[in-house]
Each structure stands twice: as C-alpha cells, then as structure tokens.
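Analysis of the macromolecular model
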Amino acid sequence: MAENILVIGGGPAGLHAAIELAELGVNVSLVERDTFFGGNPKKFKYKYLFPDLQPAENVIGELIKGAESNNNIKKYLSANIESFKEDGKKFSAVIKSSTGSETKTFDSVIVATGFEHFDPAKDSKYSYQLFDDVIDIKDLERMMGEGNFTRPSNGKPPKNVAIILCVGSRDRHVGNQYCSRVCCTVSVKQAIELKEHFPETEVYIFYMDIRTYGFYEDLYWKAMEEHDVQIVKGRVAEITSGPDNTVICKGEDTLLRGPFEIPFDMVVLASGMEGGPQSPEMADKLGIELDEHGFLKQANVTLSPFKSNKDGIFLAGACTGPKAIADAIVEGGAAAMDAYIYAKKNS
Ligand code: SF4
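Residues numbered from 1 in each chain as written. Predicted model: local features only at pLDDT ≥ 70, side-chain atom pairs only at ≥ 80, totals over all residues.

**Details of the packing of helix α1 (residues 12-23) against helix α8 (residues 325-346)**
Where α1 meets α8, the axes come as close as 7 Å, and the angle between the chain directions of the two elements is 40 degrees. As far as their axial angle goes, α8 and α1 are oblique. α8 is crossed by α1, and the crossing has right-handed handedness. Mapping the contact onto sequence places Pro 12, Ala 13, Gly 14, His 16, Ala 17, Glu 20 and Leu 21 in α1 and Ile 325, Ala 328, Ile 329, Glu 331, Gly 332, Gly 333, Ala 335, Ala 336 and Tyr 340 in α8. Among the residues forming the contact of α1 with α8, the class breakdown is ten nonpolar, four polar and two charged. (Axes fitted to C-alpha atoms, helices over the stretch in contact; angles between N-to-C directions. Helix = DSSP H or I, 4+ residues; strand = E, 2+ residues; numbered from the N terminus. Parallel < 35°, antiparallel > 145°, perpendicular 65-115°, else oblique. Left-handed = near helix turned anticlockwise from the far one by under 90°. Contact = placed C-beta atoms within 7 Å. Nonpolar A, V, L, I, M, F, W, Y, C, P; charged D, E, K, R; others polar.)

Structure (structure tokens):
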C-alpha cells in the first residue's frame, strides 16, 4: 500500500517535496493557506531570480504545473491544519479548507511554511508608509513583476534611487540579530534591473557589509562595473521629506567618516526575512520547537537539518531560516527523501 505524507506549505520547497514524493508513488496531501500555490515568489510577483536572472515565473510556474498535473497529490488551497495529533508512529490531522474538513492519517509530515518579509513599518526611522516613494524590496519586486519601474508618487521615472540594506536584519533594536542572507544579492539584482530600465537613473546602495556570497559576487561586480551602481558604506539614520517631492536620506558614510544628507526620488528598503506567524502556529499545533530567532528548529543543523525535534516531522525551506529559492527547492527534495524513508520504515 502506498505511503501517505502530509506537506504543509505550497511554496518552492513544499511544491518540490510534493512532486518528488508523488513521483515515488506516495499519496501526498499538499496544504496551502493561500488561494494559490507558489509562496512569496508568486504572491509578490518576483520578476527575475538570482544568480542567472531567469524569469521567476519559469521556475515557480514549472513547480506549480508539476504539482497540479500530478494525480498522486491531493491539493488543498485556502486550507489549514485545524488539529493534529500523534497516533503511535503515525499522525492524524484535520485539514480545513473551503470545501469542508477532512480527517486523514499520515505516515510522515513535511513542514515547508516559508517566511514573512520583515515589515519596515516596525522601524520608524525608515518612514515606510509615510511617504509613497519609500518602498521595500518586495514592493519593488512586485512593481517590476508588473512591468512598472516608476515612482509610486507620480508615475515618472526616478532620477535617483537609494537602496538601503539590512532593514530589519542584523539589528538588535528590532529583535533580529541575524543576517537574512539573500537581501544583498536581491538588492544588487534590483539595482541592475533599474539601471537596465532607466540607464540615466543614479542608483546608490547603502550597506554595512556586502554579503553576495559564493557566485552571487558576480552580480556585485556587474552592478558596479557595467551599470555604475554607487555602493556606499554607510548607515541611514533617518528618512524625511525633501524639496520637490523628494525624500531625504540622512546618515553617515562610515568609510569617509562624514555625515550625508541626500534627496532621492525613490528609496528601497531591503527588508529581511522573518519566521512569521506561521512558524509559532506550526510549533504549537505540531508540537515541534522554534529557535531563538522565531524559525522552526532543526534537530541538528549539520547532521540532520531536515528533521524537527519530533520523529516523523521534517522541515524544508525558509521556515528554518533565511535562504535563497534555489536552496529551498533543494531542501524540499532532501526533506522528501527523509520523510519517505521514515514512512517506508513505519507504514
Ligand atoms: S544579506 Fe546583506 S542586506 Fe541582508 S541582512 Fe545580510 S548583510 Fe544585510
């Protein structure tokens, strides 16, 4: 008899896990809280993915198509896990969706509930939501995904743009001491896209450290050498309104050791990644642990990164910490293998 495995979360990691399991003949129940599959890349209409700038739609669309066309995957949208309990070596869950509630028994479970973008409104110095032209990384990604690179305030091309890194990350003041890993590379990618669209626009990136790790460093050099993006080591302490419908970034250039006060047409806040409300909800319902940063805790970061603290419940993707989409997809496959082995042993 085929194994039954529950996958919670229909973003890149969850979709890939579900498809891999279904290919092995497993009966998969894929539960997604939103009305669509694809996670944050779909929700915020990501345009291009780093490092190779391939259209996000090609990657996410392919995963969605793979899950939708596979009859071994029972799809639940606008759904959640209403209740969950252990049943010997198995698990029993009530899945609630728009079509009603269903109680099912599973041999193992994969949690792939992803992340939330940090809300920059939580840090008042950035004046997010105060000025139309102060947006964040996901707003710009959505605008670009819709083919709109212009200023929100007047629909005109920006003459200059500031991109501010480490918003909501590496910042004890907001409670997130960790680095979100991907925002440097996403910001450099967005700077290149802006310059390709508006070559005359001046683009500045204000950074504490640039962490375009591994091969992503190529984008950093490309931004500076081919697109003349200005990369400034400095901290922005305040954003205020300026003359002629501009916003002023005030801060300190930490290399030149001097203050700056520059009016910009548009400011983009590179807001980081958080575990979001779904992580504590999953921890509570499934009886698994959270780490000190609010993400789901891996049993052993090095030896068993896809296991939770509870036998039979596995973790994949950004629910365990900030990571790139490519890494989340890899983790979906790895967690699928762990969940399959556990199910096979115990079914
Ligand atoms: S990836 Fe870059 S922008 Fe993001 S938190 Fe780390 S250093 Fe800051």
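**So, the pairing of strand β8 (residues 100-106)**
Here strand β7 (residues 90-97) pairs with β8 via seven bridges, running antiparallel. When the sheet's bridge partners are listed, Ile 95 is paired in β8 with Glu 102. (Pairing = 2+ DSSP bridges.)

**Things to note about the nonpolar core**
In terms of nonpolar packing, the biggest core is built from 103 residues, with Ala 18, Ile 110, Val 111 and Val 267 touching the most fellow members. Among the elements that line this core, the one with the most residues is α8, at nine residues. Two domains each donate at least three residues to this core, and these are domain 1 (4-115 + 275-346) and domain 2 (118-272). If we ignore the near neighbours within four places in the chain, the residues touching Ile 110 are Ile 5, Val 7, Ala 17, Phe 314, Ala 316, Ala 335, Ala 336 and Ala 339. (Core = buried A, V, L, I, M, F, W, Y, C linked by C-beta atoms within 7 Å. Buried ≥ 20, exposed ≤ 12 C-beta atoms within 10 Å, placed from the backbone. Domains from an automatic or database assignment.)

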